[in-house]
Amino acid sequence: MEDYLSLLNQPQKEAVLNAEGPMMIVAGAGSGKTRVITYRIAHLLKLGVEPFQILALTFTNKAAKEMKERIATIVGNNDAKSLWMGTFHSVFARILRSEAGKLGFPENFTIYDTEDSKSLIKTILKEMNLDDKVYKPNVIYGRISAAKNNLISWRSYQQNQEAALHDKAANMPKIGQIFEAYAKRCFAASAMDFDDLLFNTNVLFRDHPETLHKYQQKFKYIMVDEYQDTNYSQYLIVKKLAAMYENICVVGDDAQSIYAFRGANIQNILNFKNDYPDLKTFLLEQNYRSTKTIVNAANSVISKNKDQMRKEVWTENPDGDKIDVLRAFSDNEEGQLVANAIFRTKMEATAFHKDFAILYRTNAQSRAMEEALRKMNIPYKIYGGLSFYQRKEVKDLIAYFRLTINHNDEEALKRIINYPGRGIGQTTIDKLIISAAENGVSLWNVLDQPKQFQLNVNAGTLAKLEDFVTLIKSFSVVASTQNAYDAGNHIAVHSGILKELYIDKTPEGVSRYENIQELLNGIKEFAENDVVNNEISSEQSLSNARLLKDYLQDIALLTGDEKEDQNLDKVSLMTIHAAKGLEFKYVYIVGLEENLFPSQMSIFSREDLEEERRLFYVALTRAEKSSTISYSTSRYRWGSLISCEPSRFIDEIDPEHLNFKFNHQQSFEEPAKGWFAPKGNSFQPRKTGNTEIKSSLQSTTKSVAQPSMPAQRNLKRISESTSLTSAGSMQETGDDTRHLKVGDAVEHLRFGKGRIEEIEGSGASRKATVLFENAGSKQLILKFAKLKILS
DNA sequence: TGCCCGGGTGTTTTT
DNA sequence: CACCCGGGCA
């Protein structure tokens, strides 16, 4: 710890030594940001600051964990553990727990994840008799989330002209009322969603100045990492907490702001100096990670952005290789090209698999990459996607835990009241929900005292409900008297979940059973660990055992598989967002196509496009030795083949850094001109061609094999493994409907004879409105409808 | 009450 | 294409 200053360059050193007052560290990509933060904390401790007086906020659990570990190696485990370091959400969830009473919440409140939130919204829509085709739960969730991130309560939302106009224009004028119902239901369920954790922290600090004061005094030194990604709600929390000492240090890079879509406000960092006139700014511009080629290429891209702080990232590292640009003719071929390149590079450079990463814009792109890697026996690991805690069986058991700890947890209750099946059907649940809503109480309240809340069910059902209540109550007793593992195990057994999964001997069922075992193992590990010491936690007042409720708090905000072994020698696959903060020797950025990267959602506004460009900047700068980019001229999207154009971002790289490699040995010949649909249009089916054969094969196999095939799963396997040479023509699936026009007579397998009234769309999404003689008017997607043409 | 089928819909990105 | 949902049927 003594000689850490010698490891730092001049601006880094200055930033580390500057302990007091407001400061901003603008850290270019690869400029040693984490090193500066960790050493700065070490330095504060050396100056005599107590670890529990330091608050360090990050955006991901991963970043927090990493930083804690690095600090531990410098200052030792004990000090590192006493630091208040974590994500915004986890730190303020912890504070909210100890202050919950002030907001009318119990200390054991539940944290709703996105799935819970959307499910609650759906329930509310049903109750309000709103069509979820018009009121899309996703959109509503987004609106409510955005409002909360801007500290707009449901009350102010309802009075907000702008919001009203927006919702009216979107044909959803009742979002304000849904918001209100949602907020009240969360409260009744003793639950907070992700945004509530920040929103309610703001409420706490606004309505309870003495509480705010307490934390202002406690946190003498505050650091915020990735400050460019803060939203208004987070911004205000930080500002209030720092108001007393103004020992606030924010670290970030405006060029790497990539979370505006979820409310992050890049202006927070661009305008930071307005809040603190005597702000000191430290610029970290020397890059230690990447080659000159990569640094300069990234600079040439980001210089196209208007909203940015002026800075010049540079490096003393060698020039390195140029950036290879690969072109493929299909998404599958793109996977092959990338897998081949990885294979070759690994051989030539004697590198490890873990030195490689494949980065993409959307998760859907991982499939083609996976397939190609698997074919070449290259081990890989996908980050993101469904995490362990989001699997159905894991969520089911955790729902039991949640309900055990917080009886009011509506989403947990709905999830398990009839799982495993105990004869409590949808009708009964609907009655429960209605009764609860009418009386303004939680579902549990109704369950617990059905007579008092006029629950109208027959005696048999009532007995089943009573059994369920008794079961959960018995779990609560166990959970408060036994440690987390014993309680968890007890619940897994007596809920019937373990048995249910044990009986299922399909591969999926076995895997589910194993997942439950793994979850229980995790709890065991947790229960056997020492209680972490911190002075606000309520844990101390209880015995030393770690209880189930402690476990729940621990995992509520975990997303990824945290305990993933970093030493596995595997190629990493992840979205660019997930790659932020990471580095790899060799990086492959795939899918550089217009409407994919940049995303089609972003190309209408400069701000959105600039965010995409920053995303590309982040991707490029992950690489140490080399970056490779690839694109495909066609790709499957929404089930149909579309043609693609290379991304504008390729053109934005200074061409002196690029090396176009367009050789094609391993795939089919370049198709003749006109094979693909003209620009922007969907691919028009033809009778020959790789992709077309494949899709008609699938429908053929399906219609032939269906009667004798028990499970759909088997069908899929067959269509995948059957040789392409056996492909049939399109005849069996219906006539060629490409020249179909209004007025034509057609026949449908199920609806019978009818006449075309209207045709819209093109390619795979081409739809026809058909008036059938007996079945009325239907809208059909021609690709799937299998119409027979009669006239 | 649970399964099968067809239709409809959706893809940014995450705590 | 893959997933979800609702309707129809056993």
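Remember, it's a predicted structure, so these values are computed and weren't measured experimentally. (Residues numbered from 1 in each chain as written. Chains lettered and ligands numbered in written order. Predicted model: local features only at pLDDT ≥ 70, side-chain atom pairs only at ≥ 80, totals over all residues.)

## Some details on unusual backbone geometry
Line of reasoning, step 1. A cis amide bond links Tyr419 to the next residue, Pro420, at an omega of -5 degrees.
Line of reasoning, step 2. Take Pro420: it is sitting in the loop between helix H20 (410-416) and helix H21 (426-439).
Line of reasoning, step 3. Cis geometry is found at the peptide bond from Phe597 to Pro598, where omega equals 10 degrees.
Line of reasoning, step 4. Looking at where Pro598 falls in the secondary structure, it is placed in the loop between strand S15 (584-589) and helix H29 (606-620). (Helix = DSSP H or I, 4+ residues; strand = E, 2+ residues; numbered from the N terminus.)

## Details of the sheet that holds strand S16 (residues 623-632)
Line of reasoning, step 1. With parallel pairing, the seven strands of this open sheet are ordered in space as S13-S14-S12-S15-S16-S11-S19. Each edge of the open sheet carries a strand with a single partner, namely strand S13 (380-382) and strand S19 (658-661). Strand-to-strand, the axes of this sheet are offset by a mean angle of 25 degrees, without reference to chain direction.
Line of reasoning, step 2. As defined by bridge partners, S13 adjoins strand S14 (residues 571-575) across three bridges and the pair is classed as parallel. Residue pairing in the sheet places Tyr380 in a bridge with Val571 of S14.
Line of reasoning, step 3. Helix-sheet contacts for helix H17 (residues 331-349) involve strand S11 (323-328), strand S12 (356-360), S14, S15 and S16, and the interaxial angle to S16 is about 155 degrees. (Pairing = 2+ DSSP bridges. Axes fitted to C-alpha atoms, helices over the stretch in contact; angles between N-to-C directions. Contact = placed C-beta atoms within 7 Å.)

## Some thoughts on the protein's contact with DNA strand B
Line of reasoning, step 1. Not every one of the 32 residues close to DNA strand B is listed here, only the nearest: Phe261, Asn363, Ala364, Gly425 and Thr559.
Line of reasoning, step 2. Every element with two or more residues in the surface near DNA strand B is listed here: H21 and helix H28 (576-579).
Line of reasoning, step 3. Residues that form the surface near DNA strand B fall into these classes: eight nonpolar, 20 polar and four charged. (Near = placed C-beta within 6 Å. Nonpolar A, V, L, I, M, F, W, Y, C, P; charged D, E, K, R; others polar.)

## Thoughts on the nonpolar core
Line of reasoning, step 1. Counting 183 residues, the largest nonpolar core has Ile25, Ile222, Ile358 and Leu359 as the members making the most contacts within it.
Line of reasoning, step 2. In terms of residues, this core owes the most to one element, helix H19 (residues 392-405), which gives eight residues.
Line of reasoning, step 3. With residues near it in sequence (within four places) discarded, Ile358 still touches Val338, Met369, Val571, Leu573, Tyr588 and Val590. (Core = buried A, V, L, I, M, F, W, Y, C linked by C-beta atoms within 7 Å. Buried ≥ 20, exposed ≤ 12 C-beta atoms within 10 Å, placed from the backbone.)

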